[in-house]
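Topology and contacts: notes
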Amino acid sequence: MNPSKSYKIAVVPGDGTGPEVVAEGLKVLKAVGASQKIKYEFVHYDLGGERYKKTGEILPDSVLEELKNFDAIYLGAIGHPDVKPGILEKGILLKMRFELDQYINLRPVKLYPNVPCPLKDKGPQDIDFVVVRENTEGLYTGGGGFLKKGTPDEVAIQESINTRKGVERCLRYAYQYTAKRNKANKLTLCGKTNVLTYAFDLWERTFNELAGEYPTIKTDYVNVDATCMWMVKNPEWFDVIVTDNMFGDIITDLGAMIQGGMGIAAGGNINPEGVSMFEPIGGSAPKYTGKNVINPLAAICAGGMMLETLGEDKAAARVEAAVIKLLESGKLKSLDAGKMGMSTSEIGDWLADKV
Ligand code: IPM
Ligand code: MN
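Residues numbered from 1 in each chain as written. Chains lettered and ligands numbered in written order. Predicted model: local features only at pLDDT ≥ 70, side-chain atom pairs only at ≥ 80, totals over all residues. Heavy atoms only, no water.

This next bit is on the domain arrangement of the protein. Domain boundaries in the protein define domain 1 (1–102 + 265–355) and domain 2 (117–259). Between the C-alpha centres of domain 1 and domain 2 there is a distance of 25 Å. Taken together, the 11 residues of domain 1 in the interface contact 12 residues of domain 2. Together domain 1 and domain 2 conceal approximately 920 Å² of surface at their shared face, both sides included; 53% is due to carbon and sulfur atoms. Sorting the residues of domain 1 by area buried against domain 2 places Arg97, Phe98 and Asp101 first, and these three jointly supply 42% of that buried surface. In this structure, the connection of domain 1 to domain 2 is made through one salt bridge. (Domains from an automatic or database assignment. Contact = heavy atoms within 4.5 Å. Buried area = accessible area lost by both parts, 1.4 Å probe. Salt bridge = Lys/Arg side-chain N within 4 Å of Asp/Glu carboxyl O.)

Residues spaced three or four apart along an α-helix face the same direction, because each turn holds 3.6 residues. Counted at 1.5 Å a residue, the expected span for helix 10 (residues 313–329) with its 17 residues is 24 Å, and the 24 Å between its end C-alpha atoms agrees. Among the residues of helix 10, Ala315, Ala316, Val319, Ala322, Val323, Leu326 and Leu327 are the ones counted as buried. The buried residues of helix 10 all sit within an arc of 135° when viewed along its axis, so they share a single face. Tucked inside the fold, the buried residues of helix 10 contact helix 1 (18–36), helix 9 (297–309) and helix 11 (344–354). Just downstream of helix 10 lies Gly330, where phi reads positive at about 75°. (Helix = DSSP H or I, 4+ residues; strand = E, 2+ residues; numbered from the N terminus. Expected span 1.5 Å × (residues − 1). Buried < 20%, exposed > 50% of the residue type's maximum accessible area, 1.4 Å probe, protein only. Arc of directions from axis to C-beta.)

Bringing the packing of aromatic side chains into the picture now. On inspection of all chains with the given rule, the structure shows nine aromatic pairs. Three or more aromatic residues joined by ring pairs make a cluster, and in this case those are Tyr175, Phe207 and Tyr214. Positioned above the aromatic ring of Phe70, the side-chain terminus of Lys8 is 4.7 Å from the ring centre. Of note, Lys354 hangs over the ring of Trp350, and the distance from its end group to the ring centre comes to 4.0 Å. (Phe/Tyr/Trp six-rings, centres within 6.5 Å; stacked < 30°, edge-to-face > 60°. Lys NZ or Arg CZ within 6 Å of the ring centre and 35° of its normal.)

Around ligand 1, the neighbouring residues are Glu89, Leu93, Arg97, Arg107, Arg133, Tyr140 and Asp249. Between an oxygen atom of ligand 1 and a side-chain N or O atom of Arg133, the distance comes to 2.8 Å. In this structure, Tyr140 approaches ligand 1 through a side-chain N or O atom, which is 2.6 Å from an oxygen atom. Burial of ligand 1 by the protein chains amounts to 74% of its free accessible area of 320 Å². A molecule is said to occupy a pocket when more than half its atoms come within 2 Å of that pocket's grid points, and by this definition ligand 1 occupies the second largest pocket. In terms of residue count, helix 4 (residues 87–99) provides more of the shell around ligand 1 than any other element does, three residues in total. For the shell around ligand 1, the residue count by class is two nonpolar, no polar and five charged. Both of domain 1 (1–102 + 265–355) and domain 2 (117–259) provide at least three residues apiece to the shell around ligand 1. (Near = heavy atom within 4 Å. Polar contact = N/O pair within 3.5 Å; in protein donor to acceptor, adjacent residues only side chain to side chain. Areas by Shrake-Rupley, 256 points an atom, 1.4 Å probe, with all protein chains shown as cover. 1 Å grid on protein atoms, 1.4 Å probe; cavity = no way out; pocket = protein on both sides within 12 Å on 5 of 7 lines; lining within 4 Å. Sits in = over half its atoms within 2 Å of the grid points. Nonpolar A, V, L, I, M, F, W, Y, C, P; charged D, E, K, R; others polar.)

See the structure below:
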């Protein structure tokens, strides 16, 4: 917590419905700020598809340097229908994660009351775990290349880079997070030790070595395929799951679905020693742009995660409590865009009034 209680937040609304959900998130952040005496200085950045189309700029180095001076970054969505997939995702989202060394991707998977869940006979008491995804290494480093591209003898190599330092800092964060969360005090390593015998050998050895330093945490190991199976069949078995970048990307989309969908799933890209970035994990949903029908709850929950990471636990708890109250009220007919029975801005207004 910052003693002056004023935070410098960079706001990157981004593409598609990003600006609409960010507007509601800011509304709620300002309202809880007023009630909890937290001040912010918001600085908006127009990174995204439109700026790229107009100027050719993706994420200029000067902007990246400026971003290093903020307490946090609040992001809407990146991805534009007129821009080839990959350019903005890699050039903005992944570049920020890498350059700001946001080595943790934190994704809570929590089913709130009254939220439809696709799993039969599972309720909020069963679905409440957190995925700690490594966020700067693995298959995402871009290592590899082509040989004889475009010929019948073509070879494509995509390397997974796992460093002892990168693996260890991620595992340490996961152990400490599990202890702080203090729910079941159980940390599950999700890997593939039966096939990926180098990468996950390093992960498993480091995981087991560190276990001795965190005697209050129970440890468990599950292969990634089985993790998918248990997330559907027995999600109540999980407390905190730690995994590499690629597996984490995949299992957290599954996680988002069992907690009610992209409308509610939030994530944090965290550098515990630096500048972290918070985002709704869904995309820019171009077809819903400007219609006031997109669900802002994921962005609002991402704002709550931002407050928690800044040390404003009380304000974060108020945001979550308001979201739960809205869900319990039955006012929302669905969490899916266009079927909510409330508009994007009505949801923001309702929550701003309650926090
Ligand atoms: C995510 C997204 C990104 C990822 C994409 C947009 C590059 O899917 O945040 O999970 O793969 O990490
Ligand atoms: Mn993803």
